[in-house]
Amino acid sequence: MSSRVPLRLYVNGDRHDIEVEPRRTLADALREDCGLTGTHLGCEHGVCGACTVLVDGQPVRSCLMFAVQAEDASVRTVEGLAPDDDRMHPVQQAFWENHGLQCGFCTPGFLVLAAGHLETHPDAGEEELREVLSSNLCRCTGYQNILKATMCAARAMRKELDA
Ligand code: FES
Ligand code: FES
């Protein structure tokens with residue numbers, strides 16, 4: 001007898017009707033059932049933040065959340081950041097321009113974390129952004145370019161709001 005349960009997820013504005021084991025993580029459901037492999041899995045223990053996604057606008061470790069807990073919520077992954085196929089999200093653009101990544105493994109988590117925060121706190125300054133970014137780990141960059149890129153994205157987003 002299957003212990004899978006039907007689940008309706010809304011990810012990046014698209015509805016996904018899937019069936020999952022009750023203990024399946026949101027990260028596994030996104031990657032394996034929805035085909036959205038941009039969300040990376042590092043530690044799978046809630047430490048590294050590589051799996052960060054937004055659930056109803058809040059950053060969550062998707063390796064720690066059960067998929068069924070996200071039923072009917074609005075989930076946003078790195079694939080859903082760019083406004084369309086021709087433009088990057090300001091945070092993606094800034095990471096690109098400021099060398100905010102090296103191997104890129106941690107990058108989806110940082111992009112989602114930074115975008116989610118700046119969209120709701122466009123006036124965030126350096127100290128606040130240092131605090132926000134400190135929840136995720138990067139083994140390559142030394143963090144300076146990640147911070148620089150996020151501050152650059154903040155300026156670009158404020159400019160867009162003022163335009
Ligand atoms: Fe989720 Fe590391 S993979 S916190
Ligand atoms: Fe390699 Fe961050 S760029 S882990």
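Structure's up top.
As the structure is a computational prediction, the values presented were derived from the model and not from experiment. (Residues numbered from 1 in each chain as written. Chains lettered and ligands numbered in written order. Predicted model: local features only at pLDDT ≥ 70, side-chain atom pairs only at ≥ 80, totals over all residues. Heavy atoms only, no water.)

1. As for the packing of helix H3 (residues 107–120) against helix H5 (residues 144–162)
Heads up, the rule is: Lines fitted to the C-alpha atoms define the axes, with helices restricted to the stretch that makes contact. Angles between their N-to-C directions range from 0 to 180 degrees. Here a strand is any run of E in DSSP of at least two residues, a helix any run of H or I of at least four, and the numbering for each starts at the N terminus. In this scheme, a crossing is called left-handed if the near helix is turned counterclockwise away from the far one by less than a right angle; it is called right-handed if the turn is clockwise. The contact criterion used throughout is that any non-hydrogen atoms of two residues lie within 4.5 Å. Note that Gly is not counted as nonpolar here; it falls among the polar residues with everything else outside the nonpolar set of Ala, Val, Leu, Ile, Met, Phe, Trp, Tyr, Cys and Pro and the charged set of Asp, Glu, Lys and Arg.
Where H3 meets H5, the closest approach of the two axes is 11 Å, and the angle between their N-to-C directions is 35°. Crossing angle aside, the handedness with which H3 passes H5 is right-handed. Across the interface between the two elements, Phe110, Ala114, Leu118 and Glu119 of H3 pack against Ile146, Thr150, Ala153, Ala154 and Met157 of H5. Here the contact of H3 with H5 is composed, by residue class, of seven nonpolar, one polar and one charged.

2. Thoughts on the pattern of salt bridges
Pairing between side chains of opposite charge can happen when the charged atoms of each approach one another. Cut-off, in case you're wondering: We define a salt bridge as a side-chain nitrogen of Lys or Arg found within 4 Å of a carboxyl oxygen belonging to Asp or Glu.
Tallied over the full model, the rule gives eight salt bridges. Note that Arg76 is salt-bridged to Glu119, the shortest N-O span being 2.8 Å. In this pair, Arg76 is assigned in strand S5 (residues 74–76) and Glu119 in helix H3, connecting sequence segments 43 residues apart. Ionic pairing is found between Asp84 and Arg87, a salt bridge with its closest N-O pair at 2.6 Å.

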